[in-house]
Amino acid sequence: MFRLTLDRHRLGTRLRTCLPEKVAVLLGLSVGICVPYFTLQRVGAFPLRTLPVTPLDRWIDFDPSWIGAYLSLALLVPIAPLLATRREQLVRYAKGLTLLCLPSFAVFLLFPVEGPRPDAAPGHALYRLLISWDGASNAFPSLHAGLAVFSLLFAYRVLVDDVGGRARAALGIVGSLWGTAILFSTLATKQHWAIDLAPGVLLACAAHALAWRRAARAVRPGEVLIFNP
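All of the points below concern the structure found in this document. (Residues numbered from 1 in each chain as written. Predicted model: local features only at pLDDT ≥ 70, side-chain atom pairs only at ≥ 80, totals over all residues. Heavy atoms only, no water.)

1. Description of the overall build of the protein chain
When its secondary structure is counted, the protein chain shows 10 helices and 0 strands. N-terminal to C-terminal, the α/β element order of the protein chain is α-α-α-α-α-α-α-α-α-α. A burial count over the protein chain gives 39% of its 229 residues as buried. Relative to all contacts within the protein chain whose residues are 6 or more apart in sequence, the contacts with residues 24 or more apart total 87%. Summed over its atoms, the accessible surface of the protein chain is roughly 12700 Å², and 69% of this surface lies on carbon and sulfur atoms. (Helix = DSSP H or I, 4+ residues; strand = E, 2+ residues; numbered from the N terminus. Buried < 20%, exposed > 50% of the residue type's maximum accessible area, 1.4 Å probe, protein only. Contact = heavy atoms within 4.5 Å. Areas by Shrake-Rupley, 256 points an atom, 1.4 Å probe, with all protein chains shown as cover.)

2. A closer look at helix α5 (residues 73-82)
Considered for burial, the residues of α5 that qualify are L73, L76, V77, A80 and P81. An end-on view of α5 places all buried positions within 125° of arc, on one side of the element. On its buried side, α5 packs onto α2 (19-43), α4 (67-71), α6 (87-110), α8 (143-160) and α9 (165-188). (Arc of directions from axis to C-beta.)

3. Some remarks on the packing of aromatic side chains
Counted by the stated rule, this structure contains 9 aromatic pairs. On the numbers, 5.1 Å between centres and 90° between planes, the contact of Y37 with F38 is edge-to-face. Residue F38 is classed as partly exposed on the basis of its relative accessible area of 23%. Aromatic pair F105 and F108: ring centres 6.2 Å apart, planes at 55°, arrangement tilted. Taken together, the residues F105 and F108, both in helix α6 and 3 residues apart, mark about one turn of the helix. Residue F105 shares its accessibility class with F108, and that shared class is buried. (Phe/Tyr/Trp six-rings, centres within 6.5 Å; stacked < 30°, edge-to-face > 60°.)

4. Let's talk about the nonpolar core
By size, the foremost hydrophobic cluster in this structure holds 35 residues, and its most contacted members are Y93, L97, L143 and L147. Per element, the largest residue contribution to this core is 10 residues, and it comes from α8. Excluding anything up to four places from it in sequence, L143 contacts Y37, L100, C101, S104, F105 and F108. (Core = buried A, V, L, I, M, F, W, Y, C linked by side-chain atoms within 4.5 Å.)

5. Some remarks on the side chain of K22
Residue position: K22 is located in helix α2. Although K22 is buried, it makes no salt bridge; E21 carries the closest opposite charge, 8.3 Å away. There is a polar contact of 2.8 Å between the side chain of K22 and the backbone oxygen of A84. Other than its neighbours up to four places away in sequence, K22 contacts R14, L15, T17, P81, L82, L83, A84 and L90. (Lys, Arg positive; Asp, Glu negative; His and termini not counted. Salt bridge = Lys/Arg side-chain N within 4 Å of Asp/Glu carboxyl O. Polar contact = N/O pair within 3.5 Å; in protein donor to acceptor, adjacent residues only side chain to side chain.)

6. Notes on the layout of surface pockets
In this structure, the second largest pocket encloses a volume near 530 Å³. Lining the second largest pocket we find 24 residues, and of these I33, C34, L73, H144 and L147 sit closest to its centre. At the level of elements, α2, α4, α5, α7 (125-133) and α8 are the ones that each hand at least two residues to the lining of the second largest pocket. The element best represented in the lining of the second largest pocket is α2, accounting for 7 residues. Residues of the lining of the second largest pocket, tallied by class, amount to 18 nonpolar, 5 polar and 1 charged. (1 Å grid on protein atoms, 1.4 Å probe; cavity = no way out; pocket = protein on both sides within 12 Å on 5 of 7 lines; lining within 4 Å. Points joined across faces, edges and corners; volume = space filled by probe spheres on them. Nonpolar A, V, L, I, M, F, W, Y, C, P; charged D, E, K, R; others polar.)

7. Regarding α8
Spanning 18 residues, α8 covers 25 Å between terminal C-alpha atoms, matching the ideal 26 Å at 1.5 Å per step. Counting buried positions along α8 gives 15 out of 18 residues, so the element sits mostly inside the fold. (Expected span 1.5 Å × (residues − 1).)

8. Focus: empty space enclosed by the protein
Considering all chains together, one arrives at 1 cavity of 30 Å³ or more under this definition. Roughly 50 Å³ of internal volume is contained in the largest cavity. Taken together, Y37, Y70, D134, G135, A136, S137, N138, A139, Q191 and H192 form the lining of the largest cavity. Of the residues assigned to the lining of the largest cavity, the class counts are 4 nonpolar, 5 polar and 1 charged.

9. Focus on a nonpolar patch on the surface
Where nonpolar side chains cluster on the molecular surface, the patch consists of V43, F46, L109, L110 and F111 and spans about 410 Å² of accessible area. By the secondary structure assignment, L110 is in helix α6. (Patch = residues over 30% accessible without salt bridge, like charges linked within 9 Å, V, L, I, M, F, W, Y side chains within 5 Å.)

10. Thoughts on unusual backbone geometry
The amide bond that connects F140 to the next residue, P141, takes the cis arrangement and shows omega of -10°. The backbone phi angle of K190 is positive, close to 60°, even though this residue is not glycine. A relative accessible area of 10% means that K190 is categorised as buried.

See below:
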């Protein structure tokens, strides 16, 4: 019980740290992603394209019951910046998110790709709600996949130095399972083609790496750092 209470206390302290900056980041996240994303779906400056159907697309049948996993991205994305404990981490988060989104938005505008989803899914109210406000374009690259991977990488980065080995392993497993479920859901709901995923994931990894370039890592207990002159 004491351990659980302590963990809750530490989590509460972490969430309250830099709270005004976190609120600003989350507001900027909402506007900076949602406004251009939905605007570009309605611009229609260039004709919509489709991508080749891969064996993976054929193997994964349309299953709207995966919509819950798909929409869980809306929970994952804001969790990441809330776990930060320093303003510098939030700056890196904003930088990485910008590096992920700007190339994606450019492709959405110049090379719009329509996803393979059906027009309706009888009996699935949540899926019908999704397709009522989210257009079928902006499929390539998969920003959904990119945001999931970027958020998980950031969350792991800001947590990894504050937890022990078993906790790090648990974080990696939980994050991998959640990320895998989100990626699979993009195909099961037919929001994306299989080809969409790899560019989105690669963009996320590149954005994360660039955002954390030259960042100093905290020293874990028992470690010795050797500095070369």
